[in-house]
Amino acid sequence: MIERWNRDQVLALAPDASSQKAAQGVSSPGTWSAAGVTAEAVWGECKGSGSKPYRACVDLTEPAYRCTCPSRKFPCKHALGLLLLWSADGVPEAAEPADWVAEWLEQRRARAARPAPARAERGGAAPDPGRAAQREQRVAAGLEELERWLTDQLRQGLAGARRHDQWDGLVKRLVDAQAPGVAGTVSRLGAVLAADDWPARLLGEYSLLHLLITAYRRSAAPGGADGAAAGGTDGGADGAAAAGALGAELRQTVRGRIGFPVSQQDVLAGETVRDRWDVLGRRDEEQDRLTTRRVWLRGRTTGRAALVLSFAPAGQALDASLVTGTTLDADLAFYPGSAPLRALVAARHDTAAPQEGPPGSTLEQALAEVAAALAGDPWLDSWPLVLDRVAPVRGGGGWMLGGPDGALPLHPSAAAPWRLLAVSGGHPLTVAAEWTPDGLLPLAAWDDEGLVIL
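Residues numbered from 1 in each chain as written. Predicted model: local features only at pLDDT ≥ 70, side-chain atom pairs only at ≥ 80, totals over all residues. Heavy atoms only, no water.

(A) The pairing of strand 4 (residues 64-67), seen in detail. In this sheet, strand 4 lies alongside strand 3 (residues 54-59) in antiparallel orientation, the contact comprising 4 bridges. Bridge pairing in strand 4 links Val 58 to Tyr 65. (Pairing = 2+ DSSP bridges. Helix = DSSP H or I, 4+ residues; strand = E, 2+ residues; numbered from the N terminus.)

(B) Up close: the layout of surface pockets. Considered as a void within the structure, the second largest pocket measures approximately 810 Å³ in volume. Around the second largest pocket, the lining is made up of 24 residues, and of these Glu 62, Arg 108, Arg 111, Ala 112 and Arg 348 lie nearest the centre. Those elements giving two or more residues to the lining of the second largest pocket turn out to be strand 4, helix 4 (99-113) and strand 9 (343-348). A breakdown of the residues in the lining of the second largest pocket according to their chemical character gives 11 nonpolar, 4 polar and 9 charged. (1 Å grid on protein atoms, 1.4 Å probe; cavity = no way out; pocket = protein on both sides within 12 Å on 5 of 7 lines; lining within 4 Å. Points joined across faces, edges and corners; volume = space filled by probe spheres on them. Nonpolar A, V, L, I, M, F, W, Y, C, P; charged D, E, K, R; others polar.)

(C) Structural context of the packing of aromatic side chains. If you walk through the whole model with that rule in mind, you get 5 aromatic pairs. Between Tyr 65 and Phe 74, the ring centres sit 5.4 Å apart and the planes meet at 85°, which makes this aromatic pair edge-to-face. Of note, Arg 255 hangs over the ring of Phe 260, and the distance from its end group to the ring centre comes to 3.8 Å. Seen from the ring of Phe 334, Arg 304 lies directly overhead, with NZ or CZ sitting 4.0 Å from the centre. (Phe/Tyr/Trp six-rings, centres within 6.5 Å; stacked < 30°, edge-to-face > 60°. Lys NZ or Arg CZ within 6 Å of the ring centre and 35° of its normal.)

(D) Structural view of the sheet that holds strand 15 (residues 439-447). Ordered in space as 13-12-11-14-15-16, the 6 strands form an open sheet in which the pairing is antiparallel. If you trace the sheet from one side to the other, it starts and ends with strand 13 (406-409) and strand 16 (450-453), each paired once. Sheet twist, expressed as the average angle between the axes of neighbouring strands with direction ignored, equals 45°. Judged from the 4 bridges that link them, strand 15 and strand 16 form a sheet pairing that is antiparallel. Of the residues in strand 16, the one forming a bridge with Ala 445 is Val 452. Contacting strand 11 (383-395), strand 12 (398-403), strand 13 and strand 14 (429-436), helix 12 (residues 363-376) crosses the sheet at an angle of about 130° to strand 11. (Axes fitted to C-alpha atoms, helices over the stretch in contact; angles between N-to-C directions. Contact = heavy atoms within 4.5 Å.)

(E) Inspection of helix 3 (residues 77-87) at higher detail. Most of helix 3 is tucked away, with 10 of its 11 residues classed as buried. Along helix 3, the residues that are buried comprise His 78, Ala 79, Leu 80, Gly 81, Leu 82, Leu 83, Leu 84, Leu 85, Trp 86 and Ser 87. Where helix 3 is buried, its residues touch helix 1 (7-11), helix 2 (17-25), strand 1 (32-37), strand 2 (41-46), strand 3 and strand 4. A positive backbone phi angle near 60° is found at Asp 89, which sits one or two residues after helix 3. (Buried < 20%, exposed > 50% of the residue type's maximum accessible area, 1.4 Å probe, protein only.)

(F) Region of interest: the side chain of Asp 329. Assignment of secondary structure puts Asp 329 in strand 8 (residues 326-334). According to the relative accessible area criterion, Asp 329 is buried, its value standing at 18%. The residues touching Asp 329, leaving out its near neighbours within four places in the chain, are Arg 274, Asp 275, Arg 276, Ala 347, Arg 348, His 349 and Asp 350.

(G) Spotlight on the pairing of strand 8. Where burial is concerned, most of strand 8 is hidden: 9 out of the 9 residues are buried. In strand 8, alternate side chains face the same way, and those of Thr 326, Leu 328, Ala 330, Leu 332 and Phe 334 on one face and Thr 327, Asp 329, Asp 331 and Ala 333 on the other are all buried. By the bridge criterion, 7 bridges tie strand 5 (residues 272-287) to strand 8 in an arrangement that is antiparallel. When the sheet's bridge partners are listed, Arg 276 is paired in strand 8 with Asp 329. Pairing of strand 8 with strand 9 involves 5 bridges; the strand directions are antiparallel. Among the inter-strand pairings, Phe 334 is bridged to a residue of strand 9, identified as Ala 343.

These figures capture arrangement, not role.
Below, the structure written as structure tokens:
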């Protein structure tokens with residue numbers, strides 16, 4: 001029988017706070033009937049407003065969810081309530097799943113065993129060289145305009161940076177130039193103005209944008225694989241030499257930061273890394289009515305960090321198959337780059353099981369890891385860390401995570417970390433956190449009693 005998830009893990013699966021509250025309202029034993037659990041699944045029938053109860057079940061091996069209720073939220077309150085009941089040891093063990101559950105599980109296995117259709121069968125067409133060259137020209141022109149704009153900013157000074165509307169037109173033109181990655185970076189510049197040292201931070205952001213422009217110019221050699229001029233001064237043999245000197249991996253990073261896509265099919269066709277991956281935590285962010293879910297993982301054997309992204313329009317379901325605090329035996333396929341981080345789950349080999357706590361590192365080791373990642377990708381803005389024997393402490397500039405070899409500041413948005421303080425009680429913990437240039441964002445912690453999601 002699979003080890004039960006705890007209450008924190010279940011509630012972390014909820015798509016929003018209202019779903020968490022609603023799930024707790026349907027998690028009592030009297031609400032459920034015909035419930036059972038095996039190593040594969042947990043299921044039950046929940047009383048609803050209609051004459052027939054809602055049938056809910058969860059495939060614990062992924063996990064995946066099914067419910068007959070009309071809710072568009074995923075997982076719905078009934079699936080979450082069932083999991084809460086299971087986490088409290090309120091679901092009896094069964095020798096085999098109910099017939100309707102077995103049928104659903106069998107359908108899932110059949111779909112998983114079905115080979116993926118070839119690219120041609122899906123109707124995918126080969127890339128059009130002419131269209132690719134046209135995009136390169138648009139991107140180059142958009143980056144040239146951005147470079148002129150940066151020069152003007154430095155010539156005129158930063159006093160005018162307080163006007164947020166000055167970036168709006170530039171963002172739209174970069175989107176039109178098919179450089180969405182750069183457009184997103186420029187659109188977020190306004191957030192820097194909230195910091196006390198905003199002039200220094202803004203200059204740092206401008207410098208990174210200039211570095212990206214220069215790197216793209218050197219990577220797009222005329223007549224090369226991209227088939228278009230970069231619009232810069234590097235041309236002919238000099239341009240080709242510059243592109244070669246940049247390196248294939250760094251070139252992929254630069255193009256990814258600008259917004260050139262890499263298809264999932266191409267990523268899955270590359271090499272994979274098998275490991276037991278600890279799911280450290282997740283964070284949901286909404287921008288322009290699109291919700292992005294960031295799930296952080298770390299390999300137990302390889303020590304590699306990984307980020308699995310999923311996207312959905314605001315209010316619609318996101319991927320909820322990676323449960324914080326579990327360990328997943330799986331193959332991950334990484335997107336190409338000089339500091340590979342983003343990945344896809346290519347194959348699962350076993351049920352995701354709750355973990356005792358991932359191995360941690362000292363603050364010195366963590367900083368060395370971040371430094372190595374930044375050396376490969378100077379535009380990196382987040383990285384997962386697992387810190388051993390740390391506790392929240394009050395520093396001169398705010399709250400920090402302190403250990404035997406120093407302390408690292410928490411992100412200003414973390415404010416006073418009351419939950420982390422309560423769990424720690426002044427004693428050291430293992431803490432998973434997301435590193436950012438502005439400080440650490442705590443994700444989860446492990447004490448003597450187990451996992452606490454932050």
